[in-house]
Amino acid sequence: MHIKTIEGLVGARTNMNLLNTPFGVFKEARRKGDTGTMARAMEYAGDFSGKAEEYQAKADKGMEEEAKEVREKAEAQLENAIQKRKEEREELSSDVSAQETTAANKLEPVIYTKTGEAVKNSSESDINISVSV
């Protein structure tokens, strides 16, 4: 959590808790009919309320900054993952090319008969070719 967010939340909560005291004094003064004390109590309550709003604005700003940092970090991780994936693809494609070349070099020619059966053509077989002129 961002430090501004923490400071804002703690400050706002503290000032909201401090509002209880002037409100208690206000209620007691109203019960007694002391308007001067009531006015001072409401002035203190207004001060605490204003400070709570300031801290809340600070917390909001801190949360915005934190969200921005998280967004930037996520974008950086995504770029990293994309780059890593590209490298893996390049490595994989070069490996596949090498395997295909090796496999192509190992293939022996095959001859198919009229019935569709494969007959291996080997230079070592006993094939006799007669040519007469």
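Residues numbered from 1 in each chain as written. Predicted model: local features only at pLDDT ≥ 70, side-chain atom pairs only at ≥ 80, totals over all residues. Heavy atoms only, no water.

1. Quick word on the overall build of the chain
Okay, step 1: Each helix and strand in the chain was counted, giving three helices and two strands.
Okay, step 2: Across the chain, helices and strands are ordered from the amino to the carboxyl terminus as α-α-α-β-β.
Okay, step 3: Put simply, the chain has 133 residues, and 14% of those count as buried.
Okay, step 4: For the chain, restricting intrachain contacts to residue pairs at least 6 apart in sequence, the fraction spanning at least 24 positions comes to 60%.
Okay, step 5: For the chain, the exposed surface amounts to about 11,300 Å²; the carbon and sulfur share of it is 53%. (Helix = DSSP H or I, 4+ residues; strand = E, 2+ residues; numbered from the N terminus. Buried < 20%, exposed > 50% of the residue type's maximum accessible area, 1.4 Å probe, protein only. Contact = heavy atoms within 4.5 Å. Areas by Shrake-Rupley, 256 points an atom, 1.4 Å probe, with all protein chains shown as cover.)

2. What about the packing of helix 1 (residues 3–18) against helix 2 (residues 20–32)?
Okay, step 1: For the pair helix 1 and helix 2, the least separation of the axes is 4 Å and the interaxial angle reads 15°. The angle between helix 1 and helix 2 falls in the class roughly parallel. Every residue of helix 2 that contacts helix 1 at Met16, Asn17 and Leu18 is listed here: Asn20, Thr21 and Pro22.
Okay, step 2: When its residues are assigned to classes, the contact of helix 1 with helix 2 shows three nonpolar, three polar and no charged. (Axes fitted to C-alpha atoms, helices over the stretch in contact; angles between N-to-C directions. Parallel < 35°, antiparallel > 145°, perpendicular 65-115°, else oblique. Nonpolar A, V, L, I, M, F, W, Y, C, P; charged D, E, K, R; others polar.)

3. Quick notes on a nonpolar patch on the surface
Okay, step 1: Residues Met1, Ile3, Ile6, Leu9 and Val10 make up a contiguous nonpolar surface patch of about 500 Å² in total accessible area.
Okay, step 2: Mapping Ile3 onto the fold places it in helix 1. (Patch = residues over 30% accessible without salt bridge, like charges linked within 9 Å, V, L, I, M, F, W, Y side chains within 5 Å. Salt bridge = Lys/Arg side-chain N within 4 Å of Asp/Glu carboxyl O.)

4. Focus: the environment of Thr113
Okay, step 1: Mapped onto the elements of the fold, Thr113 is located in the loop between strand 1 (110–112) and strand 2 (118–120).
Okay, step 2: Its relative accessible area of 34% is what places Thr113 among the partly exposed residues.

5. So, the side chain of Thr37
Okay, step 1: With respect to the helices, strands and loops of the structure, Thr37 is situated in helix 3 (residues 35–106).
Okay, step 2: Note on Thr37: relative accessible area 18%, which makes it buried.
Okay, step 3: Residues within four places of Thr37 in sequence aside, it is in contact with Val25 and Ala29.

6. Looking at the side chain of Thr5
Okay, step 1: With respect to the secondary-structure elements, Thr5 resides in helix 1.
Okay, step 2: Setting aside chain neighbours within four positions, we find Thr5 in contact with Ala59, Gly62, Met63 and Glu66.

7. Concerning the confidence of the model for the chain
Okay, step 1: Chain-level statistics for the chain give a pLDDT mean of 86 and a share of 86% at 70 or above.
Okay, step 2: Summarising per-element confidence for the chain, the mean pLDDT is lowest in strand 2 (78) and highest in helix 2 (94). (pLDDT = per-residue confidence, 0-100.)

8. Considerations on a negative patch on the surface
Okay, step 1: A grouping of Glu69, Glu72, Glu75 and Glu79 is seen on the molecular surface, where their side chains present a negatively charged patch.
Okay, step 2: Along the chain, Glu75 turns up in helix 3.
Okay, step 3: Relative accessible area serves as the criterion here: at 47%, Glu75 is assigned to the partly exposed category. (Lys, Arg positive; Asp, Glu negative; His and termini not counted. Charge placed at Lys NZ, Arg CZ, Asp CG, Glu CD.)

9. Comments concerning the pattern of salt bridges
Okay, step 1: Tallied over the full model, the rule gives five salt bridges.
Okay, step 2: Here Lys58 ties to Glu7 by a salt bridge, and the two come within 2.8 Å at their closest N and O atoms. Of this pair, Lys58 sits in helix 3 while Glu7 sits in helix 1, placing them 51 residues apart in sequence.
Okay, step 3: Glu7 sits in the partly exposed class, given a relative accessible area of 37%.
Okay, step 4: For Glu28, the salt bridge is made with Lys32, and the minimal N-O distance between the two is 3.9 Å. You can see Glu28 and its partner Lys32 sitting in helix 2, four residues apart, about one turn around the helix.
Okay, step 5: Residue classification places Lys32 among the exposed residues on the basis of a relative accessible area of 63%.

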